[in-house]
Amino acid sequence: MTSYLLTGGRVVDPVSGTDAVADVSIADGKISSVGGKSGAADDTIDCAGLVIIPGLVDMHTHLREPGREDEETIASGSAAAAAGGFTAICAMPNTDPVADSASVVEMVWAAGREAGLVEVVPAGALSKGLEGKEMSDIGEMARSMATVKLFTDDGKGVQDALFVRRTMEYLMAFDGIYAEHCEDAALAEGGQMHEGDRSMSLGLRGIPAEAEELMAARDIALARLTGCRLHLLHISTAGTVELVRRAKADGIAVTAEATPHHFSLTDAVLETYDPNAKVNPPLRTETDRQAIIKGLADGTIDSIATDHAPHADHEKDQEISYAPPGLIGLETALALTLTNLVEPGHLTLAQAVERLSVAPARILGLDGQGGPIEAGAAANLCVFDPEAAWTVDPNALESKSNNTPFAGQTLKGKVVHTFFRGRRTAAAGIVQSEVFV
Ligand SMILES: [Zn+2]
Ligand SMILES: [Zn+2]
């Protein structure tokens, strides 16, 4: 196994509180030294001007395998993740077949290991077939080789409050996390974008903020009742941020994530009727976007998650009301965070790293992910150039799909190297296929 010496980089590690220029050496899958004396290495990499942080952890990735391998596979999604600086991704269960049994989550887990570019952490469905009626094989998935921790029917919200209560009670036996895509189906029915002045003027049916907030409030109440850990996926409204803030103040075991597109964009981008800006939950107003940013800054929102949702061109390139919701995000997440949160001074770089790596690793209970960067720790690292400006070109991305509303935008901050368990999975932004063998 190649050993590495990274010289002259700025190490930013919120876990150990480090923010200093230091040489980092890597051998046998682990960090062998930080600062201090470093011995000879097979490969010395000049990291002057670059920043070294713990590898990013995405709590919310759609890999589309099994079922839609034309849109993404576990291998291509892993490559997109490595290119984006990630060393762990949580695979959402709304595949075909649905990951609602031990056999499917074990298949995803094994394919992730085979790709070998990131840790693929399968999430399990809460209900069989995502139908919200009959509980999935939660116990079997939790006890399987995939050791599933996070359970969700993501793609839709669970509509039946009694099902939520019973599932939360059952999950507690496995220290499982109940993760919700908060969306009241009746209120959101047929919606194409956020309901407000813009949806009125564009003549598109809207999804009100209340479709999310009602379910978030219900789930918080049921988490209080049962004591189960609750994670709210992709929260998008000022009202939901406030609900989470109050729930945390009340000591309820709730965590929340927000996506780069919800802190970067508003419903104003729908004025071009760009189907790539159609996403669920929808892009909201500037007031909501500011509330998301404030929630990320004060820690109300624990993590930044991509909700990477690949879609085939022939499905996305049609009239907005026919296009499926979702956009790809693994390869733009870090740059959007740096450009829209760190550069304007909303979050410090250490806070951004906390939200992108430390917190999601902690919530998912992943050993060796999310830092610290110190001798003896697993060598899961992201090295980026904070000054590099680049223009998003969907065709140049590793993801099999191209659906991003950020195409043509210039962002600041680019991943240069990714190390996963001591192997270099991306170098100069190019995924290293030799790690496959
Ligand atoms: Zn969702
Ligand atoms: Zn999702």
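Residues numbered from 1 in each chain as written. Chains lettered and ligands numbered in written order. Predicted model: local features only at pLDDT ≥ 70, side-chain atom pairs only at ≥ 80, totals over all residues. Heavy atoms only, no water.

## Things to note about helix H13 (residues 349–364)
Part 1: Given a rise of 1.5 Å per residue, 16 residues ought to cover 22 Å, and the 22 Å separating the end C-alpha atoms of H13 matches this to within 8%.
Part 2: The largest bend in H13 amounts to roughly 45 degrees and is located at Arg355.
Part 3: Across the 16 residues that make up H13, a large majority, 13, are buried.
Part 4: Trailing H13 by a residue or two, Gly365 shows a phi angle of about 65 degrees, which is positive. (Helix = DSSP H or I, 4+ residues; strand = E, 2+ residues; numbered from the N terminus. Expected span 1.5 Å × (residues − 1). Bend = angle between axes of the 7 residues up to and from the residue. Buried < 20%, exposed > 50% of the residue type's maximum accessible area, 1.4 Å probe, protein only.)

## Notes on the sheet that holds strand S6 (residues 56–61)
Part 1: Spatial ordering of the open sheet is given by S6-S7-S8, a layout of three strands whose pairing is parallel. Strand pairing shows two members of the sheet lacking a second neighbour, S6 and strand S8 (119–122), which therefore form its edges. With direction set aside, neighbouring strand axes in the sheet form an average angle of 20 degrees.
Part 2: Here four bridges tie S6 to strand S7 (residues 86–91), and the two strands are oriented parallel to one another. (Pairing = 2+ DSSP bridges. Axes fitted to C-alpha atoms, helices over the stretch in contact; angles between N-to-C directions.)

## Looking at the side chain of Ser127
Part 1: Within the fold, Ser127 resides in the loop between S8 and helix H3 (138–143).
Part 2: Look at Ser127 and you get buried, because its relative accessible area is 0%.
Part 3: Here Gly132 takes part through its backbone nitrogen, which lies 2.7 Å from a polar atom of the side chain of Ser127.
Part 4: Discounting residues that sit within four places of it in the chain, Ser127 has contacts with Asp100, Gly132, Lys133, Glu134, Met135, Ser136, Asp153 and Phe163. (Polar contact = N/O pair within 3.5 Å; in protein donor to acceptor, adjacent residues only side chain to side chain. Contact = heavy atoms within 4.5 Å.)

## What about the coordination of the zinc ion (ligand 1)?
Part 1: Listed as protein donors to the zinc ion (ligand 1) are Asp154 (OD), His181 (ND1) and His234 (NE2); their distances from the metal cover 2.0 to 2.1 Å.
Part 2: In terms of primary sequence, the donors binding the zinc ion (ligand 1) are separated according to D-x26-H-x52-H.
Part 3: Between the zinc ion (ligand 1) and the zinc ion (ligand 2), both coordinated by Asp154, there is a metal-metal distance of 3.4 Å. Residue Asp154 is found in the loop between strand S9 (150–152) and helix H4 (161–171), and its partner His181 is found in the loop between strand S10 (177–180) and helix H5 (185–188); the two are separated by 27 residues along the sequence.
Part 4: Relative accessible area serves as the criterion here: at 3%, Asp154 is assigned to the buried category.
Part 5: His181 gets classed as buried once you look at its relative accessible area, which sits at 3%. (Donors = N, O, S within 2.8 Å, 3.2 Å for Na, K, Ca; no water.)

## Some thoughts on empty space enclosed by the protein
Part 1: Counted by the stated rule, this structure contains four cavities of 30 Å³ or more.
Part 2: The space that makes up the largest cavity amounts to roughly 60 Å³.
Part 3: As for the largest cavity, its lining consists of Leu63, Arg64, Glu65, Pro66, Ala91, Met92, Thr95, Ala99, Val104, Val108 and Ala123.
Part 4: In terms of residue class, the lining of the largest cavity is made up of eight nonpolar, one polar and two charged. (1 Å grid on protein atoms, 1.4 Å probe; cavity = no way out; pocket = protein on both sides within 12 Å on 5 of 7 lines; lining within 4 Å. Points joined across faces, edges and corners; volume = space filled by probe spheres on them. Nonpolar A, V, L, I, M, F, W, Y, C, P; charged D, E, K, R; others polar.)

## Some remarks on the coordination of the zinc ion (ligand 2)
Part 1: Of the protein atoms, only His60 (NE2), His62 (NE2), Asp154 (OD) and Asp307 (OD) coordinate the zinc ion (ligand 2), at distances of 2.1 to 2.2 Å.
Part 2: The coordination sphere of the zinc ion (ligand 2) comprises four donor atoms, whose angles at the metal cover 83 to 168 degrees; the geometry is irregular.
Part 3: The exposure class assigned to Asp307 is buried, which follows from its relative accessible area of 6%. (Tetrahedral: all angles 85-135°; square planar, octahedral: opposite > 155°, others 65-115°.)

## As for unusual backbone geometry
Part 1: Residues Glu65 and Pro66 are joined by a peptide bond in cis, for which omega reads 5 degrees.
Part 2: Of note, Pro66 is situated in the loop between S6 and helix H1 (74–83).
Part 3: Of note, the amide linkage connecting Asp96 to Pro97 takes the cis form, showing an omega dihedral of 5 degrees.
Part 4: Secondary-structure assignment places Pro97 in the loop between S7 and helix H2 (102–115).
Part 5: One non-glycine residue, Tyr273, lies in the positive phi region at around 55 degrees.

## What about the packing of helix H8 (residues 238–249) against helix H10 (residues 286–298)?
Part 1: Between H8 and H10, the least distance of the axes is 8 Å, while the angle of their chain directions is 25 degrees. Relative to H10, the element H8 is oriented roughly parallel. Residues Ala238, Val241 and Arg245 of H8 touch H10, and the partners they reach there are Thr287, Asp288, Ala291, Ile292, Lys294, Gly295 and Asp298.
Part 2: When its residues are assigned to classes, the contact of H8 with H10 shows four nonpolar, two polar and four charged. (Parallel < 35°, antiparallel > 145°, perpendicular 65-115°, else oblique.)

## Here we look at the environment of Leu50
Part 1: Mapped onto the elements, Leu50 comes out in the loop between strand S4 (43–46) and strand S5 (51–54).
Part 2: Once the C-alpha coordinates of Leu50 and Ala309 are considered, the two residues, 259 residues apart in sequence, prove to be 29 Å apart.
Part 3: Those residues in contact with Leu50, other than ones at most four positions away along the chain, are Gly9, Arg10, Val383, Phe384, Asp385, Pro386 and Val416.

## Some thoughts on the sheet that holds strand S15 (residues 303–304)
Part 1: Spatially, the five strands line up as an open sheet ordered S9-S10-S13-S14-S15, and their pairing is parallel. Looking at the sheet topology across the chains shown, the edges are occupied by S9 and S15.

## A closer look at the layout of surface pockets
Part 1: Computed from the structure, the largest pocket encloses a volume of approximately 770 Å³.
Part 2: In terms of lining, the largest pocket is formed by 41 residues, of which the most central are Asn94, Gly155, Lys156, Asn280 and Pro325.
Part 3: Here the residues of the lining of the largest pocket sort into 11 nonpolar, 16 polar and 14 charged.

## Remarks on the pairing of S6
Part 1: For S6, a buried count of six out of six residues is recorded, marking the element as mostly surrounded by other parts of the structure.
Part 2: Regarding topology, H1 serves as the crossover connection from S6 to the parallel S7, and that connection is right-handed. (Right-handed = clockwise from strand over helix to strand, strands pointing away.)

## A short note on the domain arrangement of the protein
Part 1: Splitting the protein by domain gives domain 1 (4–52 + 375–436) and domain 2 (55–364).
Part 2: Between the C-alpha centres of domain 1 and domain 2 the distance comes to 25 Å.
Part 3: Residue-level contacts link 37 residues of domain 1 with 50 residues of domain 2.
Part 4: Interface of domain 1 and domain 2: buried area, both sides summed, is about 3400 Å²; carbon and sulfur atoms make up 67% of it.
Part 5: Run the count over domain 1 and domain 2 and you get two salt bridges. (Domains from an automatic or database assignment. Buried area = accessible area lost by both parts, 1.4 Å probe. Salt bridge = Lys/Arg side-chain N within 4 Å of Asp/Glu carboxyl O.)

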